Every structure is written in structure tokens, then in C-alpha cells.
Amino acid sequence: RFFRDRKQNKRLVTILDAKTSQWIQVPVTAIQPGNIIRISNEAESTAKGGNMFPCDCVLLTSAAPTGECLVETSTLDGETNLKTRRCAWQQHHTRAVSAEKCMAEYQHLLLEIDNPTPDLTVCDGIIRENGEHGTRSHRFSIANTGLRGCYLKRTLWAVAVAVYTGKETKVMRNRVRSKGVKKSS
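Residues numbered from 1 in each chain as written. Predicted model: local features only at pLDDT ≥ 70, side-chain atom pairs only at ≥ 80, totals over all residues. Heavy atoms only, no water.

A.B. asks: Before we move on, could you go through the overall build of the protein chain and cite the residues and values that matter?
C.D. replies: Helix and strand counts for the protein chain stand at 5 helices and 12 strands. The 185 residues of the protein chain split such that 43% are buried. Long-range contacts, defined here as pairs at least 24 residues apart, represent 62% of the contacts in the protein chain between residues at least 6 apart. Carbon and sulfur atoms make up 50% of the accessible area of the protein chain, which totals about 10,800 Å². (Helix = DSSP H or I, 4+ residues; strand = E, 2+ residues; numbered from the N terminus. Buried < 20%, exposed > 50% of the residue type's maximum accessible area, 1.4 Å probe, protein only. Contact = heavy atoms within 4.5 Å. Areas by Shrake-Rupley, 256 points an atom, 1.4 Å probe, with all protein chains shown as cover.)

Written as C-alpha cells, this is what we have:
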């Protein structure tokens, strides 16, 4: 288990660097809430585990023109059927693909979200945009999220914003700690 945890923590994830407006690779442990992440389903990324959501995040845009993503949640609920998730921001705006466009599109966003809970079926919040046209807001729910451990399937890529990382993710909050091994005297 120690080696699996170490391998998982060293896995590289693509995030948008706010200083350079470029996509960069960082270890999964370096992700902070508010980071824009790119989950890819391309061949070289998938071989490295690139299509797994590294944290709980709100989907902003995807390769699908409709803003939908297919997600496998078998690590969370044991179901291998694919679930449809809708991108919260793409429903109301155009797709942003390049790092520069993502930076321009998403730098004015503010997410308001509930405190982390272990409930896998609830995740509600509001995306607010403070832009040149004033303040606009859009609600999002669990149907707009990708939870840590889920896999992106049949969708080339998705861009999301990290909301819960590390021990705050729903998977970690659902973890059952063992009481140890009972030893006879």
C-alpha cells in the first residue's frame, strides 16, 4: 500500500500556470483549490493515468460541443456504467481550448461552494463572473462535477477547476479507518 500511495502522489497532472498562462505538469499533491486542471484522454496521458480526476473539481469545458463528459465512477460506487456530466461553464459560454484562452476566460470566475462533506450525491454551488458586462452567476450541482478517482471516458479532454483536494475530497472523507488487528495474548 505504501508504494501504491507513493506512486499515486507522484502522478503528474496538467494545470494552468497563472503567471505564464501555460499548461504545466505538477505532482498531484501540488494541486490547490482554485487551480485550473486539464484531464486528458489522449493515448500518452491515459498510459500515465492522465484520465483520472486527481481531485474533486467543477467541470468548466470539454472537447464535446455539447459540454458533456462521460465519467466512470467504479472506484466510488462500484458501477462500471458511464455517467454523463455537464460542464457548468460551457453551457453558457464558448469552449476555451488553449491555455491563453482558458486564462482569459476563467480569470474572472469566483466559485462559491459548500464545505466538504462525505456525501457523494451532493455538491452545490454558484459560479460568479465579474467581467466587463457586470456580474453574472450560474448554479452548479453534482451533475457538473468530477470526483477524485473517477475516470474521463469517451471524451478527448476536459478542463475543470479544483474545489476539494487532499483530505477534503469526498473519497477521503468516506474512508473508513481500521481499528487495527486484534491480537490474542
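Moving on from the coordinates now.
A.B. asks: Explain the pattern of salt bridges to me, using residue names and the numbers behind them.
C.D. replies: Side-chain pairs of opposite charge can arise whenever the charged atoms involved come near each other. Taken as a whole and judged by the stated rule, the model has 5 salt bridges. With a shortest N-O distance of 3.4 Å, D77 and K83 are connected by a salt bridge. For D77, a relative accessible area of 39% translates into the label partly exposed. Look at K83 and you get buried, because its relative accessible area is 18%. Between R128 and E112 there is a salt bridge, with the nearest N and O atoms lying 2.8 Å from each other. Here R128 is found in strand 8 (residues 125–131), whereas its partner E112 is found in strand 7 (residues 109–113), with 16 residues between them in sequence. Classification of R128 as partly exposed rests on a relative accessible area of 24%. Because the salt bridges share partners, they merge into one network encompassing D77, E79 and K83. (Salt bridge = Lys/Arg side-chain N within 4 Å of Asp/Glu carboxyl O.)

A.B. asks: Give a detailed account of the sheet that holds strand 10 (residues 145–146), specifying residues and quantitative values.
C.D. replies: Read across the open sheet, the 6 strands follow the order 2-1-3-12-4-10; overall the sheet is antiparallel. Edge positions in the sheet fall to strand 2 (22–27) and strand 10, since each of these pairs with one other strand and no more. Direction of pairing for strand 1 (residues 12–17) relative to strand 2: antiparallel, over a ladder of 6 bridges. Of the residues in strand 2, the one forming a bridge with I15 is I24. (Pairing = 2+ DSSP bridges.)

A.B. asks: Provide a residue-level description of the sheet that holds strand 5 (residues 68–72), including the pertinent values.
C.D. replies: What the 3 strands build is an open sheet, ordered 6-5-11; its pairing is antiparallel. At either end of the open sheet lies a strand with only one pairing partner, and these are strand 6 (82–86) and strand 11 (151–153). Strand after strand, the sheet turns through a mean of 45 degrees between neighbouring axes, direction not considered. In the sheet, strand 5 pairs with strand 6 via 5 bridges, with the strands oriented antiparallel. Paired with V71 across the bridge in strand 6 is K83. (Axes fitted to C-alpha atoms, helices over the stretch in contact; angles between N-to-C directions.)

A.B. asks: Hey, could you go over the environment of Q32 for me, with residue numbers and the actual values?
C.D. replies: Looking at where Q32 falls in the secondary structure, it is placed in the loop between strand 2 and strand 3 (36–40). By relative accessible area, which is 44% here, Q32 ends up partly exposed. Spatially, the C-alpha atom of Q32 lies 9.3 Å from that of C55, the residues being 23 residues apart in sequence. Excluding anything up to four places from it in sequence, Q32 contacts A162 and T165.

A.B. asks: Which residues make up the nonpolar core, and what are the values?
C.D. replies: In terms of nonpolar packing, the biggest core is built from 40 residues, with I31, I37, F53, L60, Y106 and I127 touching the most fellow members. Elements with a contribution of two residues or more to this core: strand 1, strand 3, strand 4 (56–62), strand 5, helix 4 (99–106) and strand 12 (157–164). No other element matches the 8 residues that strand 12 contributes to this core. (Core = buried A, V, L, I, M, F, W, Y, C linked by side-chain atoms within 4.5 Å.)

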